[in-house]
Amino acid sequence: MVREIVYLGDPVLRKPCDPVTEVTEDVRALADDMIETMIAADGVGLAAPQVAVPIQLAVVDVRLDEEDAGLFKVDGKDAAYDDWMPLVFINPDFELGEHKGLGTEGCLSIPDVRAEVNRPLFVRTKLQLIDGKEIEVEADGLLARALQHEADHLHGILFIDRLSAAAKLRARRDIKRAKRDW
Ligand code: ZN
């Protein structure tokens, strides 16, 4: 079932999310719905608070943008997107690389607004899967960016919080304009 996505201004987007302690039927149903909702909205990622459920669960699928495909390892071995995406994960625990770089980001909760965000280019993260398994993912490129963007959502952080002062001003103006259509 496609769920309604909440927009900037909804307090649920600013709430630190609770860790998932037990994968219940409800959590599994939510994960399925989030995959459907992300696909319907043409997104590369979606976090549970974006459908108004403040728990540490998110999904990414970067296959829409294969051109940007970069490093992707699971438990130290090269992995293929098709074997793992859409990737649903809970309670991510990140180690970030030192080198940062700019990349364009948008967010399904802030439609029609895009900006250049400075983030670590490489991540190593422990992710729990919905079946209880824990994996270690290493990634760069769009996947590293998408994982960080979604993990930020789980802590009430939005990509517009991470912009330079000039980009923030521009984004604020874009948001004002875009909001009329939300
Ligand atoms: Zn987002």
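Residues numbered from 1 in each chain as written. Predicted model: local features only at pLDDT ≥ 70, side-chain atom pairs only at ≥ 80, totals over all residues. Heavy atoms only, no water.

**Student:** What is the right way to look at the coordination of the zinc ion in this model?
**Tutor:** Working reference: metal with six octahedral donors, ideal angles 90 or 180 degrees; metal with four tetrahedral donors, ideal angle 109.5 degrees. At this site the zinc ion is bound by Cys 107 (SG), His 149 (NE2) and His 153 (NE2), with donor distances of 2.0 to 2.3 Å. Each donor residue of the zinc ion belongs to the same chain, with the gaps between them written as C-x41-H-x3-H. Of this pair, His 149 and His 153 both sit in helix H3 (residues 141–153), 4 residues apart, which is roughly one turn of that helix. Each member of the pair, His 149 together with His 153, is buried. (Donors = N, O, S within 2.8 Å, 3.2 Å for Na, K, Ca; no water. Helix = DSSP H or I, 4+ residues; strand = E, 2+ residues; numbered from the N terminus. Buried < 20%, exposed > 50% of the residue type's maximum accessible area, 1.4 Å probe, protein only.)

**Student:** Which parts of the structure should I look at to understand the pairing of strand S2 (residues 57–60)?
**Tutor:** Where a strand is regular, its side chains alternate between the two sheet faces. Covered by surrounding structure in S2 are Leu 57 and Val 59 together with Ala 58 and Val 60, the residues of both alternating faces. By the bridge criterion, 3 bridges tie strand S1 (residues 45–47) to S2 in an arrangement that is antiparallel. Bridge pairing in S2 places Leu 46 opposite Val 59. Both S2 and strand S5 (residues 87–96) contribute to a ladder of 4 bridges, which runs antiparallel. Looking at the pairing, Leu 57 lines up with Ile 90 of S5. (Pairing = 2+ DSSP bridges.)

**Student:** Help me understand the environment of Ala 52, please; the structure alone is not making it clear to me.
**Tutor:** Inspection of the secondary structure assignment puts Ala 52 in the loop between S1 and S2. For Ala 52, a relative accessible area of 41% translates into the label partly exposed. As for Ala 52 and Gly 106, which are separated by 54 residues in sequence, their C-alpha atoms are 19 Å apart. Once residues within four sequence positions are removed from consideration, Ala 52 is found in contact with Val 6 and Val 12. (Contact = heavy atoms within 4.5 Å.)

**Student:** How should I be thinking about the pattern of salt bridges in this particular structure?
**Tutor:** Once their charged atoms are close, side chains differing in charge can pair, the charge on each being opposite to the other. A complete count under the given rule lists 11 salt bridges for this structure. A salt bridge links Glu 25 to Arg 28, with the nearest nitrogen and oxygen atoms 3.4 Å apart. With Glu 25 and Arg 28 both in helix H1 (residues 25–40), this residue pair falls 3 residues apart, about one helical turn. Between Arg 63 and Asp 82 there is a salt bridge, with its nearest N and O atoms 2.9 Å apart. Of the two residues, Arg 63 sits in the loop between S2 and strand S3 (72–74) while Asp 82 sits in helix H2 (residues 81–84), which places them 19 residues apart along the sequence. Taking relative accessible area as the criterion, Arg 63 reaches 25% and is therefore assigned partly exposed. Among the charged side chains, a network of salt bridges with common partners joins Glu 105, Arg 119, Arg 145, Asp 152 and Arg 162. (Salt bridge = Lys/Arg side-chain N within 4 Å of Asp/Glu carboxyl O.)

**Student:** Whenever I open this one, unusual backbone geometry confuses me. Can you help?
**Tutor:** Trans peptide bonds make up the majority, and among non-glycine residues the majority have a negative phi. Cis geometry is adopted by the peptide bond preceding Pro 86, which originates at Met 85 and carries an omega value of -5°. If you check the backbone angles, Asp 42 has positive phi at about 60° while not being a glycine. With respect to the helices and strands, the residue Asp 42 is situated in the loop between H1 and S1. The residue Asp 75 is not glycine, and still its phi comes out positive at about 50°. One can find Asp 75 in the loop between S3 and strand S4 (77–78).

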